[in-house]
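In case you want the letters, here they are:
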Amino acid sequence: MAAVSQLQRQFIEYTSSLYNEGYLDDQFTQLQKLQDESNPDFVVEVVSLFFEDSEKLLNNLATALQQKIVDYKQVDSHVHQFKGSSSSIGAQRVTNVCVHFRNCCEEKNLDGCLRCLQQVKHEYILVRNKLEALFRLEQQILQAGGSIPMME
Amino acid sequence: MDSSTKVGMKEEEERPHVLVVDDSLVDRKIMERLFTNSACKVTTAENGQKALELLGQGEDKHNNINHQGLKINLVVTDYCMPGMTGYDLLKKVKESCDIKEIPVIIVSSENVPTRIEKCLKEGAQEFILKPLKQSDVKKLRCQMQFTQPMKGRLCMGR
């Protein structure tokens, strides 16, 4: 019993920090509200799709920026997609970098774009690690027989 | 907090059928859940071409055995899609004799007044900013209770 409440406290603290530090925003909460007994894995499923999508986009971006003649429209199109999907799951910091990235595309600023690529990759890896840690915590709580606390 | 009501088998046929069109798999999945949660039946399409086929307006509609298409009560389409945009799809729907009465909602992550204006002018029922929330869908669901399409033009900004 003690283990469960300790894990639940950890979960609440961890989740709060993710919101406070801007890794996640309200959209993530919206996704959690869509999860119920008939769709118990909804959040993990959507986030997994986001991970797959993101990794493809990061590869596409790296390739596009390595071309002798960079097609900034193409780069912008990938960033637009990344901005959209990150915004849909509430990965706020990733979305913010994408906004800056699009400005660099508009200016056809190669150095700026390369820096943004590094930044967006960095933010993506951070949020991916944090979400995976969050899901692991959830699993631990469930396996210990507890329920996931509702965050308001 | 509302709990989603379980829809009984006999109510299955009475649920409005929504066609969600978006090139993003993440967004298709989220929108499907949002609408299912509001007691709608959902079909998704990844582009405008597929959407038109599902609506019975595919390129070979005259040869298409299934030329009737699905009975769709609402189309919700992303604006920015490669190839046929949401705006192009909207135009095709509104130009077609068979399906022009179906309300079309345009969703977009970008708040561009000229874009909103041209979509509403072309006959979009509403323009909603992404990402969609459950409250947006609940409002749409209430509007679908009425058999007549909404005459007014609304823009839901945030």
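Residues numbered from 1 in each chain as written. Chains lettered and ligands numbered in written order. Predicted model: local features only at pLDDT ≥ 70, side-chain atom pairs only at ≥ 80, totals over all residues. Heavy atoms only, no water.

J.: Help me understand the overall build of chain B, please; the structure alone is not making it clear to me.
T.: Per the secondary structure count, chain B includes five helices and six strands. Ordered by position in the sequence, the α and β elements of chain B form the string β-α-β-α-β-α-β-α-β-α-β. Each of the 158 residues in chain B was classed as buried or not, and the buried ones make up 48%. In chain B, once contacts between residues fewer than 6 apart in sequence are set aside, the share between residues at least 24 apart is 62%. Summed over all atoms, the accessible surface of chain B reaches about 8,600 Å², with 51% contributed by carbon and sulfur. (Helix = DSSP H or I, 4+ residues; strand = E, 2+ residues; numbered from the N terminus. Buried < 20%, exposed > 50% of the residue type's maximum accessible area, 1.4 Å probe, protein only. Contact = heavy atoms within 4.5 Å. Areas by Shrake-Rupley, 256 points an atom, 1.4 Å probe, with all protein chains shown as cover.)

J.: Would you explain the interface of chain A and chain B in this entry?
T.: Many analyses report the size of an interface as the accessible area lost when the parts associate. Each side of the interface is counted separately: chain A has 22 residues, and chain B has 18 residues. Summed over both partners, the interface of chain A with chain B comes to about 1,700 Å²; 58% of that surface belongs to carbon and sulfur atoms. Scanning the region where chain A abuts chain B turns up four salt bridges. Between B:Arg33 and A:Asp36 there is a salt bridge whose closest N-O contact spans 4.0 Å. Seen at the junction of chain A and chain B, the total is four residue pairs in polar contact (both at pLDDT 80 or more). Of all elements in the fold, only α2 (26–33), α3 (42–66) and α4 (72–89) of chain A reach the threshold of two or more residues within the side of chain A that touches chain B. (Buried area = accessible area lost by both parts, 1.4 Å probe. Salt bridge = Lys/Arg side-chain N within 4 Å of Asp/Glu carboxyl O. Polar contact = N/O pair within 3.5 Å; in protein donor to acceptor, adjacent residues only side chain to side chain.)

J.: Please clarify how the packing of aromatic side chains should be interpreted in this entry.
T.: How two aromatic rings sit relative to each other is set out by the distance from centre to centre and by the angle between their planes. All names here are of chain A. By the definition in use, this model includes five aromatic pairs over all chains. Aromatic pair Phe 50 and Tyr 124: ring centres 6.0 Å apart, planes at 70 degrees, arrangement edge-to-face. A residue pair is termed long-range when its members are at least 10 positions apart, and Phe 50 in helix α3 and Tyr 124 in helix α6 (residues 110–143) qualify at 74 residues. By the ring-pair criterion, three or more aromatic residues cluster together here, those being Phe 50, Phe 51, Phe 82 and Tyr 124. The residue whose ring lies beneath Lys 130 is Tyr 23, and the NZ or CZ to ring-centre distance is 4.8 Å. (Phe/Tyr/Trp six-rings, centres within 6.5 Å; stacked < 30°, edge-to-face > 60°. Lys NZ or Arg CZ within 6 Å of the ring centre and 35° of its normal.)

J.: What should I look at first to understand the packing of helix α5 (residues 92–106) of chain A against α6(A) in this one?
T.: For any two helices packed against each other, one specifies the inter-axial angle together with the distance between the axes. Residue and element names in this part refer to chain A. Relative to each other, α5 and α6 sit at 170 degrees, their axes nearing to 9 Å. Here α5 is positioned roughly antiparallel relative to α6, judged by the angle of their axes. Contacts between α5 and α6 involve Arg 93, Val 94, Val 97, Cys 98, His 100, Phe 101, Cys 104 and Cys 105 on the former and, on the latter, Gly 112, Cys 113, Cys 116, Leu 117, Gln 119, Val 120, Glu 123, Tyr 124, Leu 126 and Val 127. Classifying every residue of the contact of α5 with α6 by side-chain character gives 13 nonpolar, three polar and two charged. (Axes fitted to C-alpha atoms, helices over the stretch in contact; angles between N-to-C directions. Parallel < 35°, antiparallel > 145°, perpendicular 65-115°, else oblique. Nonpolar A, V, L, I, M, F, W, Y, C, P; charged D, E, K, R; others polar.)

J.: In this structure, what is going on with the pattern of salt bridges? I would like to understand it.
T.: Between side chains of opposite charge, pairing is possible as soon as their charged atoms come close. A complete count under the given rule lists 12 salt bridges over all chains for this structure. In this structure, A:Arg102 engages B:Glu110 in a salt bridge whose closest nitrogen and oxygen atoms are separated by 2.7 Å. In this pair, A:Arg102 is assigned in helix α5 and B:Glu110 in the loop between β4 (104–108) and α4 (113–121), connecting two distinct chains. A residue is classified by how much of its surface remains accessible, and A:Arg102, at 18% relative accessible area, is buried. Each of A:Asp76, A:Arg102, B:Glu110 and B:Arg115 takes part in salt bridges that share partners, so that together they form one network.

J.: I would appreciate a short explanation of the confidence of the model for chain A in the present structure.
T.: Do not read the predicted coordinates in detail wherever pLDDT is low. Taken as a whole, chain A shows an average pLDDT of 95; of its residues, 98% reach a score of 70 or greater. The spread of mean pLDDT over the elements of chain A runs between helix α1 (residues 2–20) of chain A, the lowest at 93, and α5(A), the highest at 98. (pLDDT = per-residue confidence, 0-100.)

J.: Just to check I follow, could you spell out the packing of α2(A) against α3(A) for this structure?
T.: All names here are of chain A. α3 packs onto α2 with a crossing angle of 130 degrees between their chain directions and a minimal axis gap of 8 Å. Comparing the axis directions of α2 and α3 gives the class oblique. The two elements α2 and α3 cross, and the hand of that crossing is right-handed. Only Phe 42, Val 43, Val 46 and Val 47 of α3 make contact with α2, whose side of the interface consists of Phe 28, Leu 31 and Gln 32. The residue makeup of the contact of α2 with α3, split by class, is six nonpolar, one polar and no charged. (Left-handed = near helix turned anticlockwise from the far one by under 90°.)

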